[in-house]
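Structural description and commentary
If you want the building blocks of each chain, they are given just below.
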Amino acid sequence: KHSSYNMETQKNFSLKNHNTFGIEASAAEYISIDSIEQLKDVLAKNVGRELFILGGGSNMLLTKDIDALVLHINLRGIETISETENCAIVRSQSGEKWHDFVLYTIEKDLGGLENMSLIPGNVGTTPIQNIGAYGTEIKDTFVSCNAMNIATQEIKTFYNEECEFGYRESIFKNKIKGQYIITSVDFKLSRGEHKINTSYGDITAELAKNNIVQPKISDVSKAVIAIRQSKLPNPKDLGNSGSFFKNPIVSKEIFDKVQAKFPDIRHFPVTDTEVKVPAGWLIEQAGFKGKRFGNAGIHVNQALVLVNYGGATGAEILKLSQEIQQEVFAKFGIWIEAEVNII
């Protein structure tokens, strides 16, 4: 592969099919990386150059062309590292599609990831923002990940506690942002006896609808897929990046003031002093759900999701997201932050 290295660099490469918003933007240079050796080689040859690391393209909004060398991480492969009677440690290379990996674990009757079915993106980016859904987060099953130091090309293993996981948060998003490329992730999954988590009303309702009383992990996965498909547009049909905003966590004092004005505000206690408010509810109350502004809009079934009706620029979607933030703040005094990386 190394001898043909220069052949693999593509100039002015369109990223339209590599971001789930389906936005037209180009990369000054683009290389698809499909082995650790190739990754080492490319990094060693491009020390000090501006790099842009691309995974599944599901958590970003491109507002401009990328004037850098884009490394598209396509490392593939799934293997069981070790197993006992009750659990197995499964390693996925970072370029595997997350949902395909979840389906693989369910097929092998390995539990722990089923509540996170159908989340877009690749395995390698899941620890960066500690993705989660329906009461489960990456940190619950994450053992460690291997990551290559961009400057030195050395591989380091980061164990769970070193990753400083929080709500949509990790060390990879702040302290060491831009210093490593995650190459593989290890998960500890249950065998035989699974802890099924159906505490979310949506899941309970979906299972009841199908008369499932004792759900298996595959039943939970199917329920989550059905719920997600009913709420979220498929990026192939309608460009989107899933939830555009994080659910804000506010202090009890601020929350009490807002609740006094809006008694039916939806909320979940996080700690004794903090409350999480669903951003989707705030956006809907501010009147944006289902609205369309040119080629950009807010999804009709889920106010958290911004969509590209075709031909929207990143700048248009960004402008709409900022209007939503300002309008929500004006109405509730709560600032909602983007969950999507704005580039």
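Details of the structure are given in the entry above.
Calculation rules
Starting from 1, residues in each chain are numbered consecutively following that chain's sequence as written. Predicted model: local features are reported for residues with pLDDT of at least 70 only, side-chain atom pairs are reported and counted for 80 or more only, and whole-chain, interface and lining totals are derived from all residues. Only hydrogens and water are set aside; all other atoms, that is, all heavy atoms of the structure, feed into the side-chain values. What counts as a helix is a DSSP run of H or I of at least four residues, what counts as a strand is a run of E of at least two, and both are numbered from the N terminus. Two residues qualify as a contact provided that any one of their heavy atoms is within 4.5 Å of a heavy atom in the partner residue. Here, nonpolar core refers to any group of buried Ala, Val, Leu, Ile, Met, Phe, Trp, Tyr and Cys residues whose side-chain atoms link them within 4.5 Å. When a residue's accessible area, from a 1.4 Å probe over protein chains only, is under 20% of the maximum for its type it is buried; when over 50% it is exposed; and in between it is partly exposed. In the sections that follow, a salt bridge refers to a side-chain nitrogen of Lys or Arg positioned within 4 Å of a carboxyl oxygen of Asp or Glu. Two strands pair under a simple rule: DSSP has to find at least two bridges between them. For every element, the axis is a line fit to its C-alpha atoms; helices are fit only across the contacting stretch, and the angle between N-to-C directions ranges from 0 to 180 degrees. We call Phe, Tyr and Trp rings a pair once their centres come within 6.5 Å, taking the six-membered ring for Trp, and we label the pair stacked below 30 degrees between planes, edge-to-face above 60, and tilted otherwise. Here, over-ring charges are defined by two tests on the NZ atom of lysine or the CZ atom of arginine: distance to the ring centre within 6 Å, and angle to the ring normal within 35 degrees. The cut-offs work like this: below 35 degrees is roughly parallel, past 145 is roughly antiparallel, 65 to 115 is roughly perpendicular, and the gaps in between are oblique. Helix crossings get a hand from a simple test, with the near helix turned counterclockwise from the far one by less than a right angle marking a left-handed crossing and a clockwise turn marking a right-handed one. Residues are grouped as follows: Ala, Val, Leu, Ile, Met, Phe, Trp, Tyr, Cys and Pro are nonpolar; Asp, Glu, Lys and Arg are charged; every other residue, Gly included, is polar.

**Quick look at the environment of Y104**
Inspection of the secondary structure puts Y104 in helix 2 (residues 98-107). Considered as a pair, Y104 and N211 are 107 residues apart in the sequence and their alpha carbons are 25 Å apart. The contacts of Y104, once residues within four sequence positions are left out, are I78 and V90.

**Remarks on the nonpolar core**
Among the nonpolar cores identified, the biggest contains 45 residues, and L282, I283, I317 and I324 are the most heavily contacted of them. Where this core is concerned, the elements lending two or more residues are strand 2 (26-33), strand 3 (51-54), strand 4 (60-61), strand 5 (66-73), helix 5 (252-261), helix 6 (279-285), strand 19 (296-298) and helix 7 (314-332). Looking at which element gives the most residues to this core, the answer is helix 7, with six residues. Those residues in contact with I283, other than ones at most four positions away along the chain, are F245, F288, K289, A303, L304, I324, V328 and I336. Judged by nonpolar contacts, the second largest core, of 36 residues, contains I106, L113, F142 and F172.

**Thoughts on the pattern of salt bridges**
If you walk through the whole model with that rule in mind, you get 17 salt bridges. With its nearest N and O atoms 2.8 Å apart, the salt bridge here joins D186 to R91. Remark: R91 occurs in strand 7 (residues 87-93) and D186 occurs in strand 13 (residues 180-191); sequence separation between them is 95 residues. Ionic pairing is found between E284 and K289, a salt bridge with its closest N-O pair at 3.5 Å. Residue E284 is classed as partly exposed on the basis of its relative accessible area of 38%. Residue class for K289 comes out partly exposed when judged on its relative accessible area of 32%. If you follow the salt bridges from partner to partner, you end up with K11, E29 and R49 in one network.

**Comments concerning the sheet that holds strand 1 (residues 10-14)**
Strand order in the open sheet formed by four strands is 1-2-5-3, and the pairing between neighbours is mixed. Sheet topology places strand 1 and strand 3 at the edges, where each strand pairs with a single neighbour. Here the average twist between neighbouring strands, direction ignored, is 45°. Relative to strand 5, strand 3 is paired through four bridges, and the arrangement is parallel. Counted as the bridge partner of F52 is V70 from strand 5. In this fold helix 1 (residues 36-45) packs onto strand 2, strand 3 and strand 5, with an angle of close to 140° to the strand it touches most, strand 2.

**Some thoughts on the packing of aromatic side chains**
Overall, the coordinates contain 13 aromatic pairs when judged by the stated rule. A centroid spacing of 6.0 Å and a plane angle of 70° characterise the contact between F329 and W335, whose relative ring orientation is edge-to-face. Overall, the relative accessible area of 43% leaves W335 in the partly exposed class. An aromatic cluster of at least three residues, connected via ring pairs, comprises F21, F244 and F245. Positioned above the aromatic ring of Y167 is the side chain of K276, whose terminal nitrogen or guanidinium carbon lies 4.3 Å from the ring centre.

**A closer look at the packing of helix 2 against helix 4 (residues 217-231)**
Packed helix pairs are specified by the crossing angle of their axes together with the interaxial distance, meaning the distance between the axes. Taken N-terminus to C-terminus, the directions of helix 2 and helix 4 make an angle of 155°; their axes are 10 Å apart at the nearest point. Judged by the inter-axis angle, helix 2 sits roughly antiparallel to helix 4. Handedness of the crossing formed by helix 2 with helix 4: left-handed. On helix 4, the residues touching H99, L103 and I106 of helix 2 are I217, S218, S221 and I225. By residue class, the composition of the contact of helix 2 with helix 4 is four nonpolar, three polar and no charged.

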